[in-house]
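One-letter residues, chain by chain:
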Amino acid sequence: MYLVGLTGGIASGKSTVSSMLRELGCPIVDADVVARKVVEPRSLAHSRIVFHFGREILLENGEIDRQKLGRIVFADADKRKLLNSITHPEIHREMFKQIIYYFLRGFRYIVLDVPLLFETRKLTQFLNHTVVVYCDPATQLSRLMLRDGLTQEEVEQRLAAQMPLNEKRGLASHVIENSGSREDTHRQVLRLHTKLEDSMDFLLVRVLAVAATAGLGGVLLYAAKMIFS
Ligand code: ADP
């Protein structure tokens, strides 16, 4: 098993590529889904957030009002740090759990779908490959306006707040060029999937896991011999 990071810019087509990979049977660990899951009511992160930010950041149904909380931490770096210190360990633990689950099911590679992969850089050291979904700036602008119903000015503000897609493209080991049709993107995704499936990178972790299991077995056997002899 090995890990592949998938990222992109806002509306560059990351979700589109992620669902194509899912349709091919790839296991996807989606950082956005995990981030929502770890703050669900009755979770540890939920109660810690309420403790620090007050009940006024809750919706009527008890869930966290993500937009309200987002506005608070966007305007205050210390509060942002505090929120991250609550959520990040929980997010990493949940992602790790999902990776182990897929590892035990014998998948060759697991995709980590992480929007800010290159901005935070926390996960890159664990990845064998990184994939950036790219589209040219004009296409990105018009798709974003269309999808989110934003004005050109609002779109430009959002794009300016992110690492430029060109820069991300330079950091990736694979690029999916999504400026064209969905069919064209689908062909590239198929090629990438074949390449990743054919890669021998998965062997190392399997060999290490077998060695660790065998080593543990040996230690237990030795201990049993010592105790019962
Ligand atoms: P991201 O997840 O990177 O924000 P999405 O996958 O949601 O981006 O794509 C942004 C928008 O562009 C969506 O409305 C999607 O349906 C559309 N889109 C994505 N790829 C293509 C494509 N190749 N051709 C036409 N529209 C596309």
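For the structure given in this document, a descriptive report is provided here. Everything quoted here is computed from the prediction, not taken from an experiment.

## Regarding the environment of leucine 123
Secondary-structure assignment places leucine 123 in the loop between α6 (117–120) and β4 (129–134). Given the relative accessible area of 17%, leucine 123 is considered buried. Excluding residues within four positions of it along the chain, leucine 123 makes contact with Met95, Val114 and Leu117.

## Some remarks on the pairing of β4
When you tally the buried positions in β4, you get 6 out of 6 residues, the bulk of the element. Covered by surrounding structure in β4 are His129, Val131 and Val133 together with Thr130, Val132 and Tyr134, the residues of both alternating faces. Examined bridge by bridge, strand β1 (residues 2–8) and β4 share 5 bridges and lie parallel to one another. In the strand pairing of β4, valine 4 is matched with histidine 129. With 4 bridges joining them, β4 and strand β5 (residues 174–177) adopt parallel strand pairing. Its bridge partner being in β5, tyrosine 134 is matched across the sheet by glutamate 177.

## What to know about the side chain of glutamine 140
Relative to the helices and strands, glutamine 140 is located in helix α7 (residues 137–148). Accessibility expressed as a relative area gives 7% for glutamine 140, which makes it buried. Not counting the four nearest positions on each side in its chain, glutamine 140 is found in contact with Gly9, Ile10, Ala11, Cys135, Leu159 and Leu165.

## Some words on the site of the ligand
Taken together, 14 residues sit near the ligand, with Ala11, Lys14, Ser15, Thr16 and Arg147 positioned nearest. A distance of 3.2 Å is found between an oxygen atom of the ligand and a backbone nitrogen or oxygen belonging to serine 12. In the model, an oxygen atom of the ligand is placed 3.1 Å from a nitrogen or oxygen of the arginine 182 side chain. Contributions of two or more residues to the shell around the ligand are made by α1 (14–23) and α7. Among the elements that take part in the shell around the ligand, α1 stands out by supplying 3 residues, more than any other.

Thresholds applied
- Residues numbered from 1 in each chain as written.
- Predicted model: local features only at pLDDT ≥ 70, side-chain atom pairs only at ≥ 80, totals over all residues.
- Heavy atoms only, no water.
- Helix = DSSP H or I, 4+ residues; strand = E, 2+ residues; numbered from the N terminus.
- Buried < 20%, exposed > 50% of the residue type's maximum accessible area, 1.4 Å probe, protein only.
- Contact = heavy atoms within 4.5 Å.
- Pairing = 2+ DSSP bridges.
- Near = heavy atom within 4 Å.
- Polar contact = N/O pair within 3.5 Å; in protein donor to acceptor, adjacent residues only side chain to side chain.

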